[in-house]
Amino acid sequence: MASPLVVDHAARSEQGSEWWRSAVIYQIYPRSFSDSSGDGIGDLPGVTERLDDLRRLGVDAIWLSPFMRSPQKDAGYDVADYCDVDPLFGTLADFDDMLAAAHARGIRVIVDLVPNHSSDQHVWFQEALAAAPGSAERARYMFREGKGAHGELPPNNWESVFGGPAWTRVIEADGRPGQWYLHLFDSSQPDFDWSNPVVWEEFRRVLRFWLDRGVDGFRVDVAHGLMKEDGLPDYTPDPDAGSMGGDAASVPYWGQPEVHAVYRDWRKVLAEYDGDRALCAEAWLPTIEKTALWVRHDEMHQAFNFEYLETEWDAAKLRAVIQESLRAYSAVGAPSTWVLSNHDVVRHASRLALTAENPQGHGIGPHSPGQPIPEVGLRRARAATALMLALPGSAYLYQGEELGLPEAIDIPDEARQDPTWFRTDGERYGRDGCRVPLPWVADAPAFGFSPSGASWLPQPAEWASHARDVQEADDASTLRLYQHLLAVRAGERLGEESVALEWLDWGVDVVALRRGERLFVAANLGTEPFALPVEGSVRIVASSAPVDGVSVESDTTVWFVID
Ligand code: BGC
């Protein structure tokens, strides 16, 4: 096997129709990535300034969480104007500059689209509040009469994903309490009514607005939520299910069959444009089989593989979820995706060492049970990433995981900002712990995140040792591991489905496979060292932890060839 190649990203990104099938896509959470203005909130010029770091990391594309105009009640997932940049993050010109700078480096750009709900500050919602029940303005959202003698009870028993009721009552023009509106998330996030054609028309316009500017695709927020079952029947969620998934039974607001028509419509809009623009669904569904329905040939191109993200650190379970993913997605002609962290879940450098349940969105704080041991978490995280990046399909990375960042657990209560924290009276910590601004330079104010030293969430003091500059200079760092894994993955085309994958039975605690003719991958999830069962001279190509000869320690993944 040729030694790891220096990758020509520009050439790679030109190479194919369907770049997204094997791409490594890096999620930027703009408010926490890099702040150029000094207000303590990251911004688009901050992204532009750091693109060379991402090029050096070796990613093919970036996905930016929302930076559109928003009152920021849910960190930008409450959009007031879908076709403008919020002044917190810059201007449309800053966006265009960032896009051009990314493209000049061979990095594609995906933006976040939030179609399930808008902000309550969106002009449509403001018009709806000012208009009468039954009006065309109200028909763009889910307004209903309440139950009870005076409409004083919500129209049904649905609960918000963030806790509390999913309905809020409005005050009508006559000053009296009137109709209720549905919000599956915060009360500042009213749900659109997707049975109304004007909503379809508006989102076609929004798609074209960004496509015309040159974006390469969209990550579609709450893609499984747009359609609600007729009659809005009561539903009581399974307390053991993740907050976004529900159980295997039908949930009247998740995964309704009518939603697929929306994405078929959008696929046609994307097809009007050149260059393989792509749609990726954020759809929390109970099975991979169901999620695969989102990526049939005329719907979305990708869907996040949350089953994979939610899989415990257990060899048999990992093997099973990988095999099922490859089977279910290839059955519909789509690549699988892989993801371990994002802005809604506990960072995998902590999650993989948790000894207590942690449903999506609940977060961990100082009083959570089963606190992770940082060294165990980081070691597993590095091993998990090394396994993930060896798999065929597209891999999503979340900013900061390349620095091995753990979840920030000790955030003071008064600094917390996630609506989940407020809506549950502090019962759920929520997602702030995975959203803390990145450390770039150990010896700089706010670790180089912001020139003023400001940071919208406090950064743990011990993050100095995670700073990018420290890690660039350290061969054994997590950053250098990621750079190396991505370079080998690109050189060996591991993301491509045409490079064969063969499973190897190397024991219950080991996930082992071969890619192509010569590259072996073995992840030891057991508690004992594992001796590689091969003959010949083993050459380690990459390793998540130091390897001594052919013995692989616990919680370690190796990539090797036999010379
Ligand atoms: C996003 C969350 C957001 C929610 C509501 C999601 O699933 O990823 O961050 O709070 O949708 O828009």
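Residues numbered from 1 in each chain as written. Predicted model: local features only at pLDDT ≥ 70, side-chain atom pairs only at ≥ 80, totals over all residues. Heavy atoms only, no water.

## Comments concerning the overall build of the protein chain
Across its full length, the protein chain carries 15 helices and 20 strands. Here the protein chain has a C-alpha radius of gyration of 23 Å; the compact-globule value for 563 residues is 24 Å, and the two agree. In terms of overall dimensions, the protein chain has a C-alpha envelope of 85 × 50 × 50 Å along the principal axes. Across the protein chain, contacts joining residues at least 24 apart in sequence account for 68% of those joining residues at least 6 apart. Summing over all exposed atoms, the protein chain offers an accessible surface of approximately 20,600 Å²; the carbon and sulfur share of this is 52%. (Helix = DSSP H or I, 4+ residues; strand = E, 2+ residues; numbered from the N terminus. Rg over C-alpha atoms; globule rule 2.2 N^0.38 Å. Contact = heavy atoms within 4.5 Å. Areas by Shrake-Rupley, 256 points an atom, 1.4 Å probe, with all protein chains shown as cover.)

## Considering helix 15 (residues 478-491)
When the terminal C-alpha atoms of helix 15 are compared, their 20 Å separation across 14 residues agrees well with the 20 Å that a helix rising 1.5 Å per residue should span. Most of helix 15 is tucked away, with eleven of its 14 residues classed as buried. Burial in helix 15 covers these residues: T478, L479, L481, Y482, Q483, L485, L486, A487, V488, R489 and A490. (Expected span 1.5 Å × (residues − 1). Buried < 20%, exposed > 50% of the residue type's maximum accessible area, 1.4 Å probe, protein only.)

## Brief notes about the packing of aromatic side chains
Under the definition given, this model contains 35 aromatic pairs. On the basis of an interplanar angle of 70° and a centroid distance of 5.0 Å, the ring pair of Y308 and W338 is categorised as edge-to-face. You can see Y308 sitting in helix 9 (residues 306-309) and its partner W338 sitting in strand 12 (residues 337-339), a full 30 residues away along the chain. The pair Y308 / W338 is uniform in exposure class, with both members buried. Summarising the aromatic geometry, the rings of W506 and F520 are spaced 6.2 Å apart at their centres and angled 15° between planes, so their arrangement reads as stacked. Placement of the pair is W506 in the loop between strand 14 (501-504) and strand 15 (510-515) and F520 in strand 16 (residues 519-524), with a sequence separation of 14 residues. (Phe/Tyr/Trp six-rings, centres within 6.5 Å; stacked < 30°, edge-to-face > 60°.)

## Quick look at the sheet that holds strand 2 (residues 61-64)
Judged by pairing direction, the sheet is parallel, and its eight strands sit side by side in the order 11-10-9-5-2-1-13-12 without closing on themselves. Across the chains shown, the open sheet's two edge strands, defined by having one partner strand only, are strand 11 (302-303) and strand 12. Here helix 6 (residues 197-213) sits on the sheet and contacts strand 5 (108-113) and strand 9 (217-220); the angle it forms with strand 5, its principal contact strand, is near 155°. Relative to strand 13 (residues 394-398), helix 15 is tilted by about 165°, and along the sheet it contacts strand 1 (24-28) and strand 13. (Pairing = 2+ DSSP bridges. Axes fitted to C-alpha atoms, helices over the stretch in contact; angles between N-to-C directions.)

## Regarding the packing of helix 4 (residues 92-104) against helix 6
In helix packing, the relevant descriptors are the interaxial angle and the interaxial distance, both defined with respect to the helix axes. Packing of helix 4 against helix 6 leaves a shortest axis separation of 10 Å and a crossing angle of 55°. Relative to helix 6, the element helix 4 lies oblique. Seen from helix 4, the contacting residues are L92, F95, D96 and L99; seen from helix 6, they are F209, W210 and R213. (Parallel < 35°, antiparallel > 145°, perpendicular 65-115°, else oblique.)

## A look at the sheet that holds strand 15
A sheet is described by the order of its strands in space; here five strands give the open sequence 14-15-16-20-18, paired in antiparallel fashion. Edge strands, defined here as strands with exactly one partner in the open sheet, are strand 14 and strand 18 (538-543). The sheet shows a mean angle of 25° between the axes of neighbouring strands, taken without regard to direction. Note: strand 15 against strand 16, six bridges, orientation antiparallel. Bridge pairing in strand 16 places L513 opposite V521. Running over the sheet, helix 10 (residues 315-331) touches strand 14 and strand 15 and is turned about 35° from strand 15. Sheet strands touched by helix 12 (residues 374-388): strand 15, strand 16 and strand 20 (556-562). Its angle to strand 20, the strand with the most contacts, is close to 40°.

## Overview of the domain arrangement of the protein chain
As far as domains go, the protein chain holds domain 1 (9-119 + 193-486), domain 2 (123-182) and domain 3 (500-562). Its C-alpha centre places domain 1 at a distance of 31 Å from the equivalent point of domain 2. On the side of domain 2, 20 residues touch domain 1, which itself brings 26 residues to the contact. Counting each side, the surface lost to burial between domain 1 and domain 2 is near 1,900 Å², with a carbon and sulfur contribution of 57%. Looking at the side of domain 1 facing domain 2, the largest losses of area belong to D193, L232 and R423, adding up to 33% of the total buried there. (Domains from an automatic or database assignment. Buried area = accessible area lost by both parts, 1.4 Å probe.)

## Remarks on the side chain of H348
Here H348 shows up in helix 11 (residues 348-351). In terms of polar contacts, H348 uses its side chain to reach the side chain of S341, at 2.8 Å. (Polar contact = N/O pair within 3.5 Å; in protein donor to acceptor, adjacent residues only side chain to side chain.)

## Describing the site of the ligand
Around the ligand there are 15 residues in total, and D74, D221, E282, H343 and D344 lie nearest to it. A distance of 2.9 Å is found between an oxygen atom of the ligand and a side-chain nitrogen or oxygen belonging to R219. For the ligand, an oxygen atom lies 2.5 Å from a polar atom in the side chain of D344. Contact with the protein chains covers 100% of the free accessible surface of the ligand, which is 300 Å². Looking at the shell around the ligand residue by residue, the classes come out as five nonpolar, three polar and seven charged. (Near = heavy atom within 4 Å. Nonpolar A, V, L, I, M, F, W, Y, C, P; charged D, E, K, R; others polar.)

## Some words on the pairing of strand 14
Pairing of strand 14 with strand 15, which is carried by four bridges, proceeds in the antiparallel orientation. Within strand 15, the position partnered with L504 by the bridge is A512. As consecutive antiparallel partners, strand 14 and strand 15 are separated by five residues, and within that stretch G507 has a phi angle of approximately 110°, a positive value.

## A few points about the environment of R431
Relative to the helices and strands, R431 is located in the loop between helix 13 (419-423) and helix 14 (468-472). Taking C-alpha positions, R431 is 23 Å from M388, a pair spaced 43 residues apart along the chain. When neighbours within four sequence positions are excluded, R431 is seen to be in contact with D74, F162, H343, D344, G361, D418, P419 and T420. A distance of 3.1 Å separates a polar atom in the side chain of R431 from a polar atom in the side chain of D74.

## With respect to unusual backbone geometry
Look at L232: it is not a glycine, yet its phi comes out positive at around 45°. Mapped onto the elements, L232 comes out in the loop between strand 9 and helix 7 (259-271). For L232, a relative accessible area of 10% gives the class buried. Notably, D555 is not glycine yet its phi reads approximately 55°, a positive angle. By secondary structure assignment, the location of D555 is in the loop between strand 19 (551-552) and strand 20.

## Focus: the environment of C434
Structurally, C434 can be placed in the loop between helix 13 and helix 14. Judged by its relative accessible area of 1%, C434 is buried. Counting along the chain gives 197 residues from C434 to P237, while the straight-line C-alpha distance between them is 26 Å. Those residues in contact with C434, other than ones at most four positions away along the chain, are N342, H343, D344, V345, R347, Y398 and E407.

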